[in-house]
Amino acid sequence: MRPSDIAFRLYLVALFTFVFLPILTSMVFSLNSDRFPTVPLGEFTTHWYKTAFSRPEVWTAFGNSLIVAVCAAALSTALGFVTAYTDFRYGFRFKPAYLALALLPPTIPLVIMGLAMLAWLGRLGISGTLSGIVVAHTVMGAPFAMAICRLRLSQMDPALEAAAWNLGASQWRAMRAVVIPFCLPALISAYCLTAAVSFDEFIVAWFVSGLNKTVPVMILEILQGNVDPQINAIGTVVFLTSMALVIVAQLLILRKTNA
Amino acid sequence: MSKRFDAYPYVWRLPLLIWQGLFFVGPLILMVAMSFWLVRNYRMEPDFVLKNWDRMLGRDYFWNAYWVTLWRATLAGVLASLIAFPASYALAFRVSETTRRWAIFFLIVPFFTSYLVRVYAWQVLLAESGPINAVLGFGGLGPFTMLNSGFGAMVGYMTLVLPLVVILQTFSLAAIDRNLIEAAWNLGASPRETLFQVILPAARIGLILGATFAFILSFGDFVSPFYLGGSKPPTLSILIIDTTKSGQQWPRAAVVAIMMIATLFVAAFAAVGAAYGRRK
């Protein structure tokens, strides 16, 4: 191994440390007794988990987050899939504009989405409801779902669908019997990823949630008070949830890509 | 084939148009319209006046926030690109393909993992009496004030954008034809010349894309400047939140939002021009 290779490896380790340090920190300090965490560490304790999860509003928030993530992920995935299929199969006028419409949302700053959604959902009468958050998260999740489904469709031989038609299947039947089964791993993957996006999103949710707080919105509001190790405990649960979802999402795509 | 109307294509095409029209384009158009409305007795009334534009763009505090945000986001784009590059280079050229794949895998995870909690963790880590200062203290250094400063905000921006920038750079570097690099070597180019005259130009699109995304994300972020930067001076996103949440002045917040979107558009077009434009 060249000396420069060692230097490059050390650099990679340093970068990954920077990226994962905050995640590890939260996990470690969630089990540490000090109120104002520092090193050397205090004693091991599960106190912060007990206090955090003995509060009913924490459970309510987790319930809200779960409902929102489950619904928003389903809608995002459906929307992402139909859009990816359209892009895969059809060419038409204004297609670049169509695709821009599909892929633009993540480039709009969340604070702006929050403000626009707050005003718009207020007019529609669903501001301050969980449905409002679901609507907003679907807009934000759909582009990711579309990207995943599109990737999978690009691995499908277009002749596969045509063969089904030639064998007498209607377009609908071919969709049901050929395209959807082929895309199933991507659909599940997209569902997990968009659920993670929804589960972690807090700015738009904060703008439109009113009294129906999701977990990250609750964290945001606790943070505006003071340093509170309960956040580490709640945060660790949030980390583990979204990391599990993203890991599953990726494994599903990678397994199929390599096969 | 009969020529009767086939509904099939439209079933797949229309959902996006309807949904994004209703819940993406609609809200943004309303926001633009709102910037011309008036607030009377804490209620918005449709109108067409330039008062909000006048009030916001005529104030120093808006422009101070604007330049701070623009400067910090530009710095974040440049810094993220520079910090990411050696790592991306290593991932593209110095490790096995399996390692690269796993590295990308583990960079995607934090990108979708609660940014807010990670920023909170930095708040703990960077505190005056926090772990980092404690470690530095063993070496007889510090304590340093790292929170509530431009430095703190920059740490937050890097947390947000570094994984994405490394991913984009790595993909573009790994896609370079190895023969090109070997040809440069064979023709007697020094490592420096190879880097600047072969590798960087060939990976141009990914490098610019990475910097642009870092700029866009940092420009719109409110968490890092608020919790790590101490919100002094405020950035545009903090201005929007203050104006919306405390002042009920949604139309004025809309003015700030439109200025932000316009700036991002200009930046995105400039980046696309730089990435795909003809080489000099």
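Computed from a predicted structure; not experimentally measured.

Definitions and limits used
- Residues numbered from 1 in each chain as written.
- Chains lettered and ligands numbered in written order.
- Predicted model: local features only at pLDDT ≥ 70, side-chain atom pairs only at ≥ 80, totals over all residues.
- Heavy atoms only, no water.
- Helix = DSSP H or I, 4+ residues; strand = E, 2+ residues; numbered from the N terminus.
- Buried < 20%, exposed > 50% of the residue type's maximum accessible area, 1.4 Å probe, protein only.
- Contact = heavy atoms within 4.5 Å.
- Areas by Shrake-Rupley, 256 points an atom, 1.4 Å probe, with all protein chains shown as cover.
- Lys, Arg positive; Asp, Glu negative; His and termini not counted.
- Charge placed at Lys NZ, Arg CZ, Asp CG, Glu CD.
- Axes fitted to C-alpha atoms, helices over the stretch in contact; angles between N-to-C directions.
- Parallel < 35°, antiparallel > 145°, perpendicular 65-115°, else oblique.
- Left-handed = near helix turned anticlockwise from the far one by under 90°.
- Nonpolar A, V, L, I, M, F, W, Y, C, P; charged D, E, K, R; others polar.
- Salt bridge = Lys/Arg side-chain N within 4 Å of Asp/Glu carboxyl O.
- Core = buried A, V, L, I, M, F, W, Y, C linked by side-chain atoms within 4.5 Å.
- Buried area = accessible area lost by both parts, 1.4 Å probe.
- Polar contact = N/O pair within 3.5 Å; in protein donor to acceptor, adjacent residues only side chain to side chain.
- UniProt positions renumbered as here; feature names shortened; annotations may be inferred.
- Phe/Tyr/Trp six-rings, centres within 6.5 Å; stacked < 30°, edge-to-face > 60°.
- Lys NZ or Arg CZ within 6 Å of the ring centre and 35° of its normal.

Time to look at the overall build of chain B. Of regular secondary structure, chain B possesses 13 helices and two strands. A principal-axis box enclosing the C-alpha atoms of chain B has dimensions of 80 × 75 × 35 Å. When each of the 280 residues of chain B is scored for burial, the buried share is 53%. Sequence separation of 24 or more characterises 70% of the internal contacts of chain B that already satisfy a separation of 6 or more. Accessible surface, chain B as shown: approximately 13500 Å² in total, 66% of it carbon and sulfur. Counting 22 positive and 12 negative side-chain charges, chain B places the centres of these two groups 4 Å from one another.

Mapping Gly137 of chain B onto the fold places it in helix α6 (residues 131–138). For the pair formed by Gly137 of chain B and Thr99 of chain B, sequence separation is 38 residues and the distance between their alpha carbons is 36 Å.

With that settled, the discussion passes to the packing of helix α10 (residues 215–223) of chain A against helix α5 (residues 115–126) of chain B. Closest axis-to-axis distance for the α10 of chain A/α5 of chain B pair is 10 Å, and the angle between their directions is 25 degrees. The pairing of α10 of chain A with α5 of chain B is recorded here as roughly parallel in orientation. Where α10 of chain A crosses over α5 of chain B, the handedness of that crossing is left-handed. Contact residues: Pro216, Ile219, Leu220 and Leu223 of chain A in α10 of chain A; Leu116, Val117, Tyr120 and Gln123 of chain B in α5 of chain B. Class assignment for the residues of the contact of α10 of chain A with α5 of chain B results in seven nonpolar, one polar and no charged.

All names here are of chain A. With the rule as written, the count across this model stands at eight salt bridges over all chains. Asp87 is paired through a salt bridge with Lys95; the nearest N and O atoms lie 3.1 Å apart. The exposure classification of Asp87 matches that of Lys95, with both residues buried. Across the salt bridge formed by Asp87 and Arg150, the nearest N and O atoms sit 2.6 Å from each other. Of this pair, Asp87 sits in helix α3 (residues 56–89) while Arg150 sits in helix α6 (residues 130–153), and the two are 63 residues apart along the sequence. Judged by its relative accessible area of 15%, Asp87 is buried.

Glancing now at the nonpolar core. Ile234 of chain A together with Met31 of chain B are the most contacted members of the largest nonpolar core, which totals 179 residues. Examining the composition of this core, we find that 15 residues originate from one element, helix α3 (residues 60–94) of chain B, more than from any other. Those residues in contact with Met31 of chain B that lie beyond four places of it in its chain are Ile112, Leu115 and Ala116 of chain A together with Ala254, Ala257, Ile258 and Ile261 of chain B.

This paragraph deals with the interface of chain B and chain A. Contact residues are listed per partner, giving 81 residues for chain B and 86 residues for chain A. Buried area between chain B and chain A, both sides added, is near 7800 Å², and the carbon and sulfur share of it is 81%. Notably, a salt bridge pairs Arg94 of chain B with Asp5 of chain A, separated by 3.0 Å at the nearest N-O pair. Seen at the junction of chain B and chain A, the total is 14 residue pairs in polar contact (both at pLDDT 80 or more). Among the elements that make up the side of chain B that touches chain A, the one with the highest residue count is helix α1 (residues 8–34) of chain B (20 residues). Partitioned by chemical class, the residues of the side of chain B that touches chain A number 64 nonpolar, 11 polar and six charged.

Before going further, it helps to spend a moment on the UniProt feature "transmembrane region" (unreviewed entry) in chain B. All names here are of chain B. Feature annotation in UniProt places "transmembrane region" (unreviewed entry) on residues 12–39, 65–90, 102–121, 151–174, 195–219 and 253–276, given in this structure's numbering. This span, residues 12–39, is 82% helix and 7% strand, and a straight line between its end C-alpha atoms measures 42 Å. The span residues 151–174 is 100% helical and 0% strand by assignment, and the distance between its end C-alpha atoms comes to 32 Å.

All right, on to the packing of aromatic side chains then. According to the stated counting rule, one finds 37 aromatic pairs over all chains in the structure shown. Taken together through their ring pairs, the aromatic side chains of Phe81, Tyr85, Phe88 and Trp172 of chain A together with Tyr8 and Trp12 of chain B make up a single cluster. Taking the ring centre of Tyr90 of chain A as reference, the NZ or CZ of Arg13 of chain B above it sits at 5.2 Å. Lying across the ring of Trp206 of chain A, Lys245 of chain B places its NZ or CZ 4.1 Å from the centre.

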